[in-house]
Every structure is written in structure tokens, then in C-alpha cells.
Amino acid sequence: MTTSMKVQTMEATTDPTLEAARNKILDAALALAADDGWTQKVLNRAITDSKIDAPLAQRAIPNGPASLIDAFHGRADASMEKTLAETDLSPKKIRDRIALAVRLRLLAMEPHRDAARRAMVVQSLPANVGRSLAGLYRTADAIWYAIGDTSTDFSFYTKRALVSGVYASTAVVWLSGS
């Protein structure tokens, strides 16, 4: 199992208690992260503010601020996927579907643009590059599945690599704006 696969599956859960705790902590952290960044101090305050007990918080956010950032991006992916599922994509060309998916993904983060900007800073640190690339892959994969891609051959990987580049460069431009 590769490192990215470990990161991808490590925090996945079907436990509604963990998911609810993760969401409460994330909601509390988003109010703080825009100003104070994605730090352990912000995480501790978010846990306190959300009234989640420490053992449950540790299980819900096992890797500290990195898990919190993953939850933030996971929420944006889920929002994009939900909106695309409710959209008739059949008349659109593939490139238009991808453009729409990227736009929806960024719109999901729009209310928390400053927090997203702070997350990018943390994710660009050398120690976090592997986890960041795994997250970028999850977003590219979510985009392809959400627009209806069913490929399983070599193009499966090349499509995700191409969308990763498109999404990453678009996100950098989006985050650099005000």
C-alpha cells in the first residue's frame, strides 16, 4: 500500500459519531483559521468551542491540523459532487464538465477563501507535500467520477494527472485574488 493510499483511507469512516464530531470541529475551526491559520492552537480552541471531548476529537481528527485541512477539502469535494449529481451534464462536452466541476469546487470554498489560502500555505510545506498531493489526487478523482467518467485503462491515470494540473493552477489563481 502506498503512502498516498494510507492517507486516503486512514481517516475514512462510516461512524456517524466521528463524522459529526469532525464536522463540528471543522465548523469551529473555519471561523478561526482565516485569521490564525491551521495550527494546533486553532484546533484545540475549535475542539473546546465545539464541546467535543478530547478522546472523540482525537479519533475524529487523528493527525491534528492536517486532518482538519483534509476535512475542509473533503467537504468542498462533497459539495461539488452533490451539485454535479443534481445537474444534467449530458449536453456538455467533457471540457465544459471539468470547467464546471472546478468552478463548483472553488465555489464550495468561497465562504472560507482566507482559510483556504492559509491551508495552501500549510500544505506547501515540505513535510506536507505527500499529504497535499494525495488530497489533490482525491479532488481530481472526485471531479472525474462526478462528471461520469468510467475509464479503467491507462487514461484513468492520465485524466487525473491532467485535471490535477488544471485544478491546482486554477486554485492558485483563485486564491491569489481577493
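Residues numbered from 1 in each chain as written. Predicted model: local features only at pLDDT ≥ 70, side-chain atom pairs only at ≥ 80, totals over all residues. Heavy atoms only, no water.

Draft legend 1. Spatial organisation of empty space enclosed by the protein. Taken as a whole and judged by the stated rule, the model has one cavity of 30 Å³ or more. Taken as a whole, the largest cavity holds about 70 Å³ of empty space. Looking at the largest cavity, the residues that line it are Ala 66, Ile 69, Asp 70, Val 122, Gln 123, Asn 128, Arg 131 and Ser 132. Contributions of two or more residues to the lining of the largest cavity are made by α5 (65–85), α7 (113–123) and α8 (129–146). Examining the composition of the lining of the largest cavity, we find that three residues originate from one element, α5, more than from any other. Of the residues that constitute the lining of the largest cavity, the class distribution is three nonpolar, three polar and two charged. (1 Å grid on protein atoms, 1.4 Å probe; cavity = no way out; pocket = protein on both sides within 12 Å on 5 of 7 lines; lining within 4 Å. Points joined across faces, edges and corners; volume = space filled by probe spheres on them. Helix = DSSP H or I, 4+ residues; strand = E, 2+ residues; numbered from the N terminus. Nonpolar A, V, L, I, M, F, W, Y, C, P; charged D, E, K, R; others polar.)

Draft legend 2. How the structure looks around the environment of Thr 139. For Thr 139, the position within the fold is in helix α8. Between the alpha carbons of Thr 139 and Gly 74 there is a distance of 8.1 Å; along the sequence they are 65 residues apart. Residues in contact with Thr 139, not counting those within four places in the same chain, are Asp 77, Arg 105 and Tyr 167. Within the local environment of Thr 139, its side chain forms a polar contact with the side chain of Asp 77, the two groups lying 3.0 Å apart. (Contact = heavy atoms within 4.5 Å. Polar contact = N/O pair within 3.5 Å; in protein donor to acceptor, adjacent residues only side chain to side chain.)

Draft legend 3. Spotlight on the pattern of salt bridges. In total, this model carries 12 salt bridges according to the counting rule given. Note that Arg 22 is salt-bridged to Glu 19, the shortest N-O span being 2.9 Å. Taken together, the positions of Arg 22 and Glu 19, both in helix α2 (residues 16–36) and three residues apart, correspond to about one turn of that helix. When its relative accessible area of 7% is taken as the criterion, Arg 22 is described as buried. A relative accessible area of 33% places Glu 19 in the partly exposed class. Here Asp 49 makes a salt bridge to Arg 45, at a shortest N to O gap of 3.7 Å. (Salt bridge = Lys/Arg side-chain N within 4 Å of Asp/Glu carboxyl O. Buried < 20%, exposed > 50% of the residue type's maximum accessible area, 1.4 Å probe, protein only.)

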